[in-house]
Amino acid sequence: MTAPAEFVLRREADGTIALCGELDAAGVPSLRARLQVLAGSAAVCRLELATLDLLDAGAVIGMLEAVRSLVSGGADVTLVHAPQTLAHTLYRVGALGQPGLFLVEPREEEPYA
């Protein structure tokens, strides 16, 4: 049996919410709850994702839903260094055309050797 994936959310001094570690489908409910608490009712939400790894499709969908929830709550959400799978999914479902959602410098992961 493998250990559960672990991720950390923390608010930086500039207000950015940094997501670090590994997220899988099992961690999505915790992510959504913790993200809602950290983001609160802020009009602007900046998520730094440079060190977040999405381990499965459930994690990608969970992040998509969490971001959509923040935007539908009225926040302008900026995703910085989003994993390629998330950036591609946002593009495929048409979310990048949605007002209030911004994607900055998505990562370009290397394929497995």
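Residues numbered from 1 in each chain as written. Predicted model: local features only at pLDDT ≥ 70, side-chain atom pairs only at ≥ 80, totals over all residues. Heavy atoms only, no water.

Draft legend 1. Local environment of the sheet that holds strand E4 (residues 76–80). Strand order in the open sheet made by the five strands is E1-E2-E3-E4-E5, with mixed pairing throughout. Every interior strand has two partners, whereas the edge strands, strand E1 (7–11) and strand E5 (101–104), have only one. Strand after strand, the sheet turns through a mean of 20° between neighbouring axes, direction not considered. The pairing of strand E2 (residues 17–23) with strand E3 (residues 44–54) spans six bridges and is classified as parallel. For cysteine 20, the partnering residue across the bridge sits in E3 and is threonine 51. Sheet strands in contact with helix H1 (residues 28–39) are E1, E2 and E3, and its direction is about 5° off that of E1. Helix-sheet contacts for helix H3 (residues 84–92) involve E3, E4 and E5, and the interaxial angle to E3 is about 125°. (Pairing = 2+ DSSP bridges. Helix = DSSP H or I, 4+ residues; strand = E, 2+ residues; numbered from the N terminus. Axes fitted to C-alpha atoms, helices over the stretch in contact; angles between N-to-C directions. Contact = heavy atoms within 4.5 Å.)

Draft legend 2. Representation of the packing of H1 against helix H2 (residues 57–72) within the structure. Two elements in contact, H1 and H2, have axes whose closest approach is 10 Å; the angle formed by their N-to-C orientations is 25°. Classified by the angle their axes make, H1 and H2 are roughly parallel. Crossing hand, H1 versus H2: right-handed. Contacts between H1 and H2 involve Val28, Leu31, Arg32, Leu35, Gln36 and Ala39 from the former and Gly58, Ala59, Gly62, Met63, Glu65, Ala66, Ser69 and Leu70 from the latter. (Parallel < 35°, antiparallel > 145°, perpendicular 65-115°, else oblique. Left-handed = near helix turned anticlockwise from the far one by under 90°.)

By themselves, these are just geometric observations and shouldn't be taken as functional.
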